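Here is how the chains run, residue by residue.
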Amino acid sequence: MICGRANEADWQEIRSAPFMLQMIAPRRLISLQGVGKTYKNGATALAGVDLEVRDGEFLTLLGPSGCGKSTILRLIAGLDSPSTGVLTRSFDDVGAALGFVFQEPTLMPWASVFDNVYLPLRLRGLSRQSAGPAIMEALGLVGLAASAKAFPRELSGGMRMRASIARALVLRPLLLLMDEPFAALDEIARFRLNDDLLRLQGAAGATIVFVTHSVYESAYLSTRILVMAGGPGRIVAEIASEDRSPRDENFRSSPAYARICAKASQALQDAMQGDY
Amino acid sequence: MICGRANEADWQEIRSAPFMLQMIAPRRLISLQGVGKTYKNGATALAGVDLEVRDGEFLTLLGPSGCGKSTILRLIAGLDSPSTGVLTRSFDDVGAALGFVFQEPTLMPWASVFDNVYLPLRLRGLSRQSAGPAIMEALGLVGLAASAKAFPRELSGGMRMRASIARALVLRPLLLLMDEPFAALDEIARFRLNDDLLRLQGAAGATIVFVTHSVYESAYLSTRILVMAGGPGRIVAEIASEDRSPRDENFRSSPAYARICAKASQALQDAMQGDY
Amino acid sequence: DKVTFATNWLAEAEHGGFYQALADGTYAKYGLDVTILQGGPQTNNKLLLAAGKIDFNLGANMIQAFDAVAQNIPIVAVASLFQKDPFILMSHPGAGLDRFEDLPKATAFIGKDALVSVYQWLKTAYGFKEEKVRPYAFNAAPFIADKNSIQQGYATSEPYEAERQGKFKPNVFLLADYGYDSYSTTIEARRDLIEKNPDLVQRFVDASVIGWCNYIYGDNAKANALIKRDNPDIRDDLLAYSVAKMKEYGIVDSGDSTTLGVGAMTDARMQSFFAKMTNAGLFAPSLDYKRAYTLQFVNKGVGLDLRPRQ
Amino acid sequence: MRPMRWVQEYGPPGLVFAALLAGWEVFVRLADLPPYILPSPALVLETLVTDRATLFPALLTTLKITLGALAAAVLGGGGLAILFSQWKWIERSFLPVAIVLQVTPIVAIAPLLLIYLEPSSAVLVCAFLVAFFPILSNTALGLASTDRNLVDLFQLYRASRWRTLLLLRLPAALPYFLGGLRIGGGLALIGAIVAELAAGAAGQGAGLAFRILEAGYRLNIPRMFAALTLLSLTGIAIFAVLSVLSAYLLGRWHESAMSAER
Amino acid sequence: MRPMRWVQEYGPPGLVFAALLAGWEVFVRLADLPPYILPSPALVLETLVTDRATLFPALLTTLKITLGALAAAVLGGGGLAILFSQWKWIERSFLPVAIVLQVTPIVAIAPLLLIYLEPSSAVLVCAFLVAFFPILSNTALGLASTDRNLVDLFQLYRASRWRTLLLLRLPAALPYFLGGLRIGGGLALIGAIVAELAAGAAGQGAGLAFRILEAGYRLNIPRMFAALTLLSLTGIAIFAVLSVLSAYLLGRWHESAMSAER
Ligand SMILES: Nc1ncnc2c1ncn2[C@@H]1O[C@H](COP(=O)(O)OP(=O)(O)OP(=O)(O)O)[C@@H](O)[C@H]1O
Ligand SMILES: Nc1ncnc2c1ncn2[C@@H]1O[C@H](COP(=O)(O)OP(=O)(O)OP(=O)(O)O)[C@@H](O)[C@H]1O
Ligand SMILES: [Mg+2]
Ligand SMILES: [Mg+2]
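Residues numbered from 1 in each chain as written. Chains lettered and ligands numbered in written order. Predicted model: local features only at pLDDT ≥ 70, side-chain atom pairs only at ≥ 80, totals over all residues. Heavy atoms only, no water.

## Regarding the overall build of chain A
For step 1, the next point in the chain: For chain A, the count of helices and strands is 9 helices and 9 strands.
For step 2, the next point in the chain: Scored against the burial criterion, the 276 residues of chain A give a buried share of 58%.
For step 3, the next point in the chain: Within chain A, contacts between residues separated by at least 24 positions form 68% of all contacts whose residues are at least 6 apart in sequence. (Helix = DSSP H or I, 4+ residues; strand = E, 2+ residues; numbered from the N terminus. Buried < 20%, exposed > 50% of the residue type's maximum accessible area, 1.4 Å probe, protein only. Contact = heavy atoms within 4.5 Å.)

Okay, structure coming up:
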């Protein structure tokens, strides 16, 4: 993925993958070529980022705080446009169900949890009635069924984040962008949601681009990890997780997991060389 | 600490501590007795919480999302008052330097990072000039020296949180309340800040009440861990970290550390029995 | 003596005599240092008089003077410089509104102050109706635009503007010719001033009367200059028109004043007017209307010598 | 505990109000002011009672104009704010027009309106002109102050302009709109008064403005004060109703409407 | 690229403005309206030039009153809002008084004011009364809308009431205050006009209000429109200045003043 030699590297990885499934070159959903982003105040958040998101993968961005991870997600979602370089999307913009868990909960303060989660369905024209079961299911997934009627102000920080996750999941999106969704959750809930997420992805064949600060989480979830460095933000390493064994407690104690963790840790450490 | 048998348990722990320093009964800074908190909308966040915060300790609250950790911090800080039970503070309310890292960054959007960190000093009557070095030091600690002039809106999520941490540290408070301060940071920055925090605490003899979702972090940092369960929030277990060896990379691989982690994990798992 | 006299509108020819007395030094000759305070569309200078902020006030008609009695306000009319109230109604010619009897059926642009006074009398005396009334805010455009309407005015100015702008000569009905016999442009003073310093009042009345005679019959160039200083928007042709109309209708000098002198008032006319207003429902018949005026300072033939000899 | 709190909340204002009235009464008596300069509160109250047959129908008329104008201002001001927020070029083009309408004195344009409109509509238009701008301005401010992150969220879901408006911008602008409404409520009342003076019918169906002016002409100052008192009470009532509405709509989520405790 | 953008921003409003004027001109010509009913824009412009010696000094007078009233309204309205936010009982006691002052028609109280005050001060007081309420109301709303978490922060540091006000509540209320100021600016101008009519000096030192009224009285409608045009331009200028101030003060942090791009 780095420095234009993307395709070669891709093929090597894919050939080394154990499953035939991987032999079929996955469709590219998103591709960034030489993308840079300079904000209005002159801060350069990204420079020369080459990246592609392939259909069905679980791609994780790992990197120090402020290196541009959220910016990349925003570019992919089309909420911002690159200052330099080209970004192409090969999915149907409007039709494709897109989900985004922002780094902050971003709930409407005047609406109950239920209505906040209802929003994406409402925008698709579903009635409150018919959307009800899907909403309650999503809330159940994040353990908020009991708080459906509460207002955002009446929730704890983690609960707000969970409401935001429920909102992103309720559409069963095909492309899911998640910006540190589980950072505010305890480990047990986090593990549970990790598994739920993978299950959902498997069932829907969804593609996920994920930002996390936890090397362990990235190793557990991802099919591919991109490590970024800051100042200005760029991609410095790519770690493909070739192991396709089922992700469960056993996997956490597998050597493959440990290897990915170690690689990612090392890459991160390298990336932060010179950083604060 | 649980169920009124606090003092006995205290003494047992203290006697088993390896350092003479621990033999002197530490002063109680805060004590909560049978504290309950019911919010205006009728939600009961806490019920029958007994807890004391002792001078110089590093106390961590661990528990599932929504169990009342933030509420306890707010009660300790005097930002809310208990609905039932008694809360006593034995430090001088006004004089004691208090620091609070809220779960959300809570920065003033109209002020630069520098001015946000300046706030506590300003409220103590310091001029911008004379406060300058302290502010830059605090910003340096969290790696934000280069962004001193930026406005909160122009920061990434993690950077905002770091600015908030710098603001809490700049006063060198004697009692520091921290609500998941490092949740938005990568592991390397987190480790670094963990060490910085312990160093600062040691130098100032400060008392810290800390909320985290990371069992590992709690095990690394704390002298004492309180595990909470939700619905309504209460304290279900107390884990004293009897090991007083220096906290560094070695400690992370020590059996003591592993033991605490295991205990805490178990307690947490027990606490979440029946939870979602 | 320093005295302040308040008028009821921006400086205009209808205040000419007072400006004349000021301009040609008559006031000074009577030992008065007069300041003329202009009125305006929303000012209520009568209250200033009552509160003692000013010494004399120009009263538009006797209705307000009776009102003052009704409200126990110690204000007294001491002279009336207009023998006829210049209040008119005007209509479009050739629109079936050429006779006074026709007017009640027309839409009427009437100001609020006229509505609560003159118009009440018109209702009882001639059958005008309140439903026909539209507000008149000192702007004749709506009247000019609507052929089937009438509008209030002063004989000395509104017809002129309507004629100039509307390019037609409106029918003018001077209400004084139809039985509306209020005095107008009275000088009002506080009762305590009359009692304590009748000499001052007398001097102000006399000087004003002389001023008015000179304004009407003599050289009024200086007075007009003063008026224009106070109200730069007023035009010479309008001033000339106003003076001509005052002469034509005998506004200042006709009837009693030809024998008693300008400023004249008589008990008989007061009684007649009060009876009409009582009829119109404005006042209780029991009102001691005589407290509204005093003849102590007028009817002394002052200024008779200034009239041109026919 | 409830009655205690009630006393605590409404005691001070009650006392202040009583003190103001008492001070006024005492001042009038001590300075021996005649009623035509400043009537005493007792006299005003008395007049209010004796003249009720004249004053209350007038109040009703004024109230009708006020509410009509306020409704028109909400629709006009709010609607214009919405148009402005949707198309910047409309804002840039017509905001100046709105400002011109705001600053044009009613008394100057009333005659023009009278040429083209029925008096009753002319009055409504005048009162509307006085009241609409604060609602327009505050609503526009509110629409522009919508949380940027939520705007992103709606953009993400490809929400149409109108749905974004309906589901996001309007609720977000509600506190500002309600603030504008509280200002506009009082202004609608003034507008009704001014409009009535400049363009309104008189006599039988006349409103408070006419009564106030008439009382002034007739030097019946106590009655003027009685009418002014009615007007003031109406203003306070409108404000109170709008405040209650505000608290009801914002109570659970906006800082301005929440009590200090949580 | 810059000039392109300029055209894009100011082209449409310019066109709309030109279209309005042209439409007006054509309407006047086609309907053959005499100038005393509706003068054409060309005639108004001509009058503006020929009568400049009368109009511009009048504008100056009005402008002085306006700015004086606006300054007083900022101090009075803002100050009162601050007092209200600091002591609830003051708010509960004096908010009704403020509402009464807002809804009392100037024309009714001007004569009273004139008894006790110099005309020049009376005019200022009247204009102030018209302008202060939106500033008071919006500032109070802003002060009450301060982020609850930041209030907690200040409470934590035991910040005094006044420091909290100065460092937290005032900056947080700034967008609301500026919104109120934009409404108040126009109202101060109207207030100056109304006050001048009700209590002002006439003749030499007279402001635009008298020119407008006098011109209307004399059916010199072109001059009336010229004066109204000056008034409108003044209103727009005040609004524009306040908007620029707003953008300057809020530009870097408040949504309402930020452009869509980041
Ligand atoms: N202002 C409020 N009004 C009503 N209920 C509230 C309020 N704040 C918190 N709660 C409720 O109180 C409970 C405890 O909240 P608290 O914020 O203390 O949880 P927490 O332990 O900090 O959770 P998290 O880890 O998610 O931050 C939650 O169930 C929440 O819904
Ligand atoms: N609106 C903005 N205006 C100016 N600079 C910005 C803006 N948003 C982000 N930046 C800058 O861009 C850089 C990248 O920001 P971004 O939010 O993408 O970081 P991140 O990788 O998500 O960090 P974190 O892990 O802390 O969330 C940061 O240095 C930040 O200061
Ligand atoms: Mg981020
Ligand atoms: Mg919390």
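## Digging into the site of ligand 2
For step 1, the next point in the chain: Close to ligand 2 lie 22 residues; Lys69, Ser70, Thr71 and Gln103 of chain A together with Ser156 of chain B are nearest.
For step 2, the next point in the chain: The side chain of Thr71 of chain A places a nitrogen or oxygen atom 2.5 Å from an oxygen atom of ligand 2.
For step 3, the next point in the chain: Contacts to ligand 2 include Gln103 of chain A, whose side-chain N or O atom sits 2.7 Å from an oxygen atom.
For step 4, the next point in the chain: Protein burial of ligand 2: of its 640 Å² of free accessible surface, 90% is covered by the chains.
For step 5, the next point in the chain: Elements with a minimum of two residues in the shell around ligand 2: α2 (69-77) of chain A together with α5 (157-169) of chain B.
For step 6, the next point in the chain: Taken together, the residues that form the shell around ligand 2 break down as 6 nonpolar, 11 polar and 5 charged. (Near = heavy atom within 4 Å. Polar contact = N/O pair within 3.5 Å; in protein donor to acceptor, adjacent residues only side chain to side chain. Areas by Shrake-Rupley, 256 points an atom, 1.4 Å probe, with all protein chains shown as cover. Nonpolar A, V, L, I, M, F, W, Y, C, P; charged D, E, K, R; others polar.)

## Let's talk about the coordination of the magnesium ion (ligand 4)
Residue and element names in this part refer to chain B.
For step 1, the next point in the chain: Coordination of the magnesium ion (ligand 4) by the protein comes from Ser70 (OG) and Gln103 (OE1), over a distance range of 1.9 to 2.1 Å. Of this pair, Ser70 sits in helix α2 (residues 69-77) while Gln103 sits in the loop between β5 (98-101) and α3 (113-123); the two residues are 33 residues apart in sequence, bridging distant segments of the chain.
For step 2, the next point in the chain: Accessibility expressed as a relative area gives 21% for Ser70, which makes it partly exposed. (Donors = N, O, S within 2.8 Å, 3.2 Å for Na, K, Ca; no water.)

## Brief notes about helix α4 (residues 128-141) of chain A
Residues and elements named next belong to chain A.
For step 1, the next point in the chain: The terminal C-alpha atoms of α4, which comprises 14 residues, lie 19 Å apart, in line with the 20 Å expected from a rise of 1.5 Å per residue.
For step 2, the next point in the chain: For α4, the set of buried residues is Ala131, Gly132, Ile135, Ala138 and Leu139.
For step 3, the next point in the chain: Of the surrounding elements, those touching the buried residues of α4 are α3 (113-123) and α5 (157-169).
For step 4, the next point in the chain: Looking one or two places after α4, you find Gly143, whose phi comes out positive at around 75°. (Expected span 1.5 Å × (residues − 1).)

## Remarks on the site of ligand 1
For step 1, the next point in the chain: Ligand 1 sits among 20 residues. The nearest are Ser156 and Gly158 of chain A together with Ser70, Thr71 and Gln103 of chain B.
For step 2, the next point in the chain: Surrounding ligand 1 are residues belonging to chains A and B, so the site spans chains.
For step 3, the next point in the chain: Within the side chain of Ser156 of chain A, an N or O atom sits 2.6 Å from an oxygen atom of ligand 1.
For step 4, the next point in the chain: Ser70 of chain B places a polar side-chain atom, nitrogen or oxygen, 2.5 Å from an oxygen atom of ligand 1.
For step 5, the next point in the chain: For ligand 1, the protein covers 90% of the area, taking 630 Å² as the surface of the free molecule.
For step 6, the next point in the chain: Looking at the shell around ligand 1, the elements with two or more residues in it are α5 of chain A together with α2 of chain B.
For step 7, the next point in the chain: Of the residues belonging to the shell around ligand 1, the class tally is 5 nonpolar, 11 polar and 4 charged.

## Here's the deal with the interface of chain E and chain D
For step 1, the next point in the chain: At the interface, 67 residues of chain E touch 66 residues of chain D.
For step 2, the next point in the chain: Of the roughly 5,500 Å² buried between chain E and chain D on both sides combined, carbon and sulfur atoms contribute 69%.
For step 3, the next point in the chain: In this assembly, chain E and chain D are joined by 0 salt bridges.
For step 4, the next point in the chain: Elements represented by at least two residues in the side of chain E that touches chain D include exactly α1 (2-30), α4 (88-103), α5 (106-116), α6 (119-144), α7 (148-156), α8 (161-199), α9 (208-217) and α10 (221-250) of chain E. (Buried area = accessible area lost by both parts, 1.4 Å probe. Salt bridge = Lys/Arg side-chain N within 4 Å of Asp/Glu carboxyl O.)

## A few points about the confidence of the model for chain C
For step 1, the next point in the chain: Considering every residue of chain C, the mean pLDDT works out to 85; 98% of them sit at 70 or more.
For step 2, the next point in the chain: Note on the complex model: pTM 0.88, ipTM 0.87. (pLDDT = per-residue confidence, 0-100.)

## Details of the relation of the copies chain E and chain D
For step 1, the next point in the chain: Superposition of chain E onto chain D requires a rotation of 180° combined with a translation of 0.0 Å along the rotation axis, giving an RMSD of 0.1 Å. The symmetry that links the two subunits is that of a two-fold axis.
For step 2, the next point in the chain: The residues that chain E uses at the interface reappear at the interface of chain D in 99% of cases, marking a shared surface. (Least-squares fit on C-alpha atoms with pLDDT ≥ 70 in both.)

## A closer look at the state of the cysteines
For step 1, the next point in the chain: All told, the structure shown has 0 disulfides over all chains when counted by the stated rule.
For step 2, the next point in the chain: Here Cys261 of chain A stays unpaired: no disulfide links it, and the sulfur of Cys261 of chain B, its closest cysteine neighbor, is 15 Å away. (Disulfide = S-S within 2.5 Å.)

## Some points on the confidence of the model for chain A
For step 1, the next point in the chain: Overall, the predicted model of chain A reaches an average pLDDT of 82, with 87% of residues at or above 70.
For step 2, the next point in the chain: Counting interchain partners and residues more than four positions distant, the pLDDT-below-50 stretch residues 1-24 of chain A has 32 contacts.

## Quick notes on the domain arrangement of chain A
Quoted interface sizes are often the accessible area lost when the parts come together.
Residue and element names in this part refer to chain A.
For step 1, the next point in the chain: Per the domain assignment, the segments making up chain A are domain 1 (27-91 + 175-276) and domain 2 (109-173).
For step 2, the next point in the chain: Here the C-alpha centroids of domain 1 and domain 2 sit 25 Å apart.
For step 3, the next point in the chain: For the domain 1 and domain 2 pair, buried surface summed over both sides reaches about 940 Å², with 78% attributable to carbon and sulfur atoms.
For step 4, the next point in the chain: Taken as a group, Leu176, Leu193 and Leu200 account for 39% of the area that domain 1 buries against domain 2, more than any other trio of residues on that side. (Domains from an automatic or database assignment.)

## Details of the packing of aromatic side chains
For step 1, the next point in the chain: Overall, the coordinates contain 45 aromatic pairs over all chains when judged by the stated rule.
For step 2, the next point in the chain: Their ring planes at 65° and their centres at 5.6 Å tell us that Phe251 of chain B and Tyr257 of chain B sit as a pair that is edge-to-face.
For step 3, the next point in the chain: Judged by its relative accessible area of 2%, Phe251 of chain B is buried.
For step 4, the next point in the chain: Ring centres 5.4 Å apart and planes at 45° place the aromatic pair Trp121 of chain C and Tyr180 of chain C in the tilted group. Taken as a pair, Trp121 of chain C in helix α6 (residues 118-126) and Tyr180 of chain C in the loop between β9 (171-174) and β10 (184-190) lie far apart in primary sequence, 59 residues in all. Here Trp121 of chain C matches Tyr180 of chain C in class, with each residue buried. (Phe/Tyr/Trp six-rings, centres within 6.5 Å; stacked < 30°, edge-to-face > 60°.)

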